[in-house]
Amino acid sequence: AQRVTQPEKLLSVFKGAPVELKCNYSYSGSPELFWYVQYSRQRLQLLLRHISRESIKGFTADLNKGETSFHLKKPFAQEEDSAMYYCALRTSYDKVIFGPGTSLSVIP
Amino acid sequence: DGGITQSPKYLFRKEGQNVTLSCEQNLNHDAMYWYRQDPGQGLRLIYYSQIVNDFQKGDIAEGYSVSREKKESFPLTVTSAQKNPTAFYLCASSIARGSSYEQYFGPGTRLTVT
């Protein structure tokens, strides 16, 4: 079955602390994984994709096929990082499924 | 912003009535999607379409129908058979250029059925 899980519904960290948002997936094929972010009153938008191996706004994510994980990390959280974060999996034929999301709150 | 529009922003209907949500894009994207967003459940895929005149069911297609007569448009009809239609509905389109793939989302339509 194709599935994306994000075990934390809510995550609170202090400003300047490291943050890690967990994502695990279930997919028998070759996965393509993404992190999307939704800031308050804004549209859902792409944060980063695993295939690009990029760092966006200080966030990174590494695909671990052995653990079927794609955790999102940032060494020093900022208040503007407070948002809803979704992990997404693209399967064959352009089907894209999302996890339930994690609401990140950065405490000043 | 821009590129994908959804209308209306808020929609109210009586139980038993079908209702159609509009989604238009001017990005020349081939693929389009409909998701339902509920608190605690994230985005769940209703239908998607890779090309005009073709579409596939997502994970929660029951009680919904779509059409894709034009590349720019992918309307979603919420039928009276949908048992819990009150939700926030998001439309998206996507483009794949080589190894780069990205979905672009609309602002959403909040449907309330009473």
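Residues numbered from 1 in each chain as written. Chains lettered and ligands numbered in written order. Predicted model: local features only at pLDDT ≥ 70, side-chain atom pairs only at ≥ 80, totals over all residues. Heavy atoms only, no water.

1. Description of the packing of aromatic side chains
Pairs of aromatic rings are described using the distance from one ring centre to the other and the angle between the two planes.
Okay, so step 1: In total, this model carries 13 aromatic pairs over all chains according to the counting rule given.
Okay, so step 2: Look at Tyr86 of chain A and Phe98 of chain A: their rings are 6.4 Å apart centre to centre, the planes differ by 80 degrees, and that puts the pair in the edge-to-face class. Pair noted here: Tyr86 of chain A is in strand 9 (residues 83-90) and Phe98 of chain A is in strand 10 (residues 96-98), with a separation of twelve residues, a long-range link. The exposure classification of Tyr86 of chain A matches that of Phe98 of chain A, with both residues buried.
Okay, so step 3: A ring pair is formed by Phe98 of chain A and Phe105 of chain B, whose centres lie 5.9 Å apart and whose planes are at 80 degrees; its orientation type is edge-to-face. Here Phe98 of chain A, found in strand 10, pairs with Phe105 of chain B, found in strand 10 (residues 100-105), and the two come from separate chains.
Okay, so step 4: On the basis of relative accessibility, which here comes to 7%, the residue Phe98 of chain A falls in the buried class.
Okay, so step 5: Grouped by ring-pair contacts, the aromatic residues Phe34, Tyr36, Tyr86 and Phe98 of chain A together with Tyr33, Tyr35, Tyr48, Tyr101 and Phe105 of chain B constitute a single cluster.
Okay, so step 6: A cation over an aromatic ring shows up here: Arg68 of chain B above the ring of Phe74 of chain B, its NZ or CZ 6.0 Å from the ring centre. (Phe/Tyr/Trp six-rings, centres within 6.5 Å; stacked < 30°, edge-to-face > 60°. Helix = DSSP H or I, 4+ residues; strand = E, 2+ residues; numbered from the N terminus. Buried < 20%, exposed > 50% of the residue type's maximum accessible area, 1.4 Å probe, protein only. Lys NZ or Arg CZ within 6 Å of the ring centre and 35° of its normal.)

2. Some remarks on the state of the cysteines
Okay, so step 1: This structure, assessed with the given rule, holds two disulfides over all chains.
Okay, so step 2: Disulfide pairing is shown between Cys23 of chain A and Cys87 of chain A; the S-S distance is 2.0 Å. Taking the torsion about the S-S bond as the criterion, the Cys23 of chain A to Cys87 of chain A disulfide, at about -65 degrees, is left-handed. In this pair, Cys23 of chain A is assigned in the loop between strand 3 (19-21) and strand 4 (24-26) and Cys87 of chain A in strand 9, connecting sequence segments 64 residues apart.
Okay, so step 3: For Cys23 of chain B, the disulfide goes to Cys91 of chain B, at an S-S distance of 1.8 Å. Across the S-S bond linking Cys23 of chain B and Cys91 of chain B, the dihedral sits near -75 degrees, which makes this disulfide left-handed. Linking Cys23 of chain B in strand 3 (residues 19-25) with Cys91 of chain B in strand 9 (residues 87-97), this pair joins segments that are 68 residues apart in sequence. When sorted by exposure, Cys23 of chain B lands in the same class as Cys91 of chain B, which is buried. (Disulfide = S-S within 2.5 Å.)

3. With respect to the sheet that holds strand 7 (residues 64-66) of chain B
Where strands meet in a sheet, backbone hydrogen bonds hold them as pairs that are either parallel or antiparallel.
Residues and elements named next belong to chain B.
Okay, so step 1: Read across the open sheet, the four strands follow the order 1-3-8-7; overall the sheet is antiparallel. Two strands in the sheet have a free side with no partner beyond their single neighbour: strand 1 (4-7) and strand 7. Sheet twist, expressed as the mean angle between neighbouring strand axes with direction ignored, is 20 degrees.
Okay, so step 2: Pairing of strand 7 with strand 8 (residues 76-78), which is carried by three bridges, proceeds in the antiparallel orientation. Residue pairing for strand 8: Tyr64 is matched across the bridge by Val78. (Pairing = 2+ DSSP bridges. Axes fitted to C-alpha atoms, helices over the stretch in contact; angles between N-to-C directions.)

4. Notes on the nonpolar core
All names here are of chain A.
Okay, so step 1: Residues Trp35, Leu72 and Tyr85 are the most contacted members of the largest nonpolar core, which totals 26 residues.
Okay, so step 2: Those elements giving two or more residues to this core turn out to be strand 2 (10-14), strand 3, strand 5 (32-38), strand 6 (45-49), strand 9 and strand 11 (102-107).
Okay, so step 3: Broken down by element, this core gets its largest block of residues, four residues, from strand 9. (Core = buried A, V, L, I, M, F, W, Y, C linked by side-chain atoms within 4.5 Å.)

5. Thoughts on unusual backbone geometry
Okay, so step 1: Omega for the bond connecting Ser7 of chain B with Pro8 of chain B falls within 30 degrees of zero, at -10 degrees, which places this linkage in the cis form.
Okay, so step 2: Among the structural elements, Pro8 of chain B can be located in the loop between strand 1 and strand 2 (10-13).
Okay, so step 3: Even without glycine at this site, Arg41 of chain A takes up a positive phi of about 65 degrees.
Okay, so step 4: Within the secondary structure, Arg41 of chain A is located in the loop between strand 5 and strand 6.
Okay, so step 5: Residues other than glycine seldom take positive phi values, yet Thr68 of chain A does so here, at roughly 45 degrees.
Okay, so step 6: Turning to its location among the elements, Thr68 of chain A is positioned in the loop between strand 7 (60-61) and strand 8 (72-74).

6. Some points on the pattern of salt bridges
Okay, so step 1: Within the structure shown, the criterion is met by twelve salt bridges over all chains.
Okay, so step 2: One network of salt bridges, with partners in common, ties together Glu20, Lys22 and Lys73 of chain A. (Salt bridge = Lys/Arg side-chain N within 4 Å of Asp/Glu carboxyl O.)

7. Remarks on the interface of chain B and chain A
Okay, so step 1: On the chain A side, the residues contacting the 24 residues of chain B number 20 residues.
Okay, so step 2: Summed over both sides, the interface between chain B and chain A buries roughly 1900 Å², with carbon and sulfur atoms accounting for 50% of that surface.
Okay, so step 3: For chain B, the biggest contributors to the area lost against chain A are Leu43, Tyr101 and Phe105 of chain B; these three give 28% of the whole.
Okay, so step 4: On the surface where chain B and chain A come into contact, there are two salt bridges.
Okay, so step 5: One salt bridge connects Asp59 of chain B with Lys95 of chain A, and the closest N-O pair in it is separated by 3.2 Å.
Okay, so step 6: Breaking the side of chain B that touches chain A down by element, the ones donating at least two residues are strand 4 (31-38), strand 5 (42-51) and strand 10 of chain B.
Okay, so step 7: When grouped by side-chain class, the residues that make up the side of chain B that touches chain A number eleven nonpolar, ten polar and three charged. (Contact = heavy atoms within 4.5 Å. Buried area = accessible area lost by both parts, 1.4 Å probe. Nonpolar A, V, L, I, M, F, W, Y, C, P; charged D, E, K, R; others polar.)

None of this, on its own, says anything about what the molecule does.
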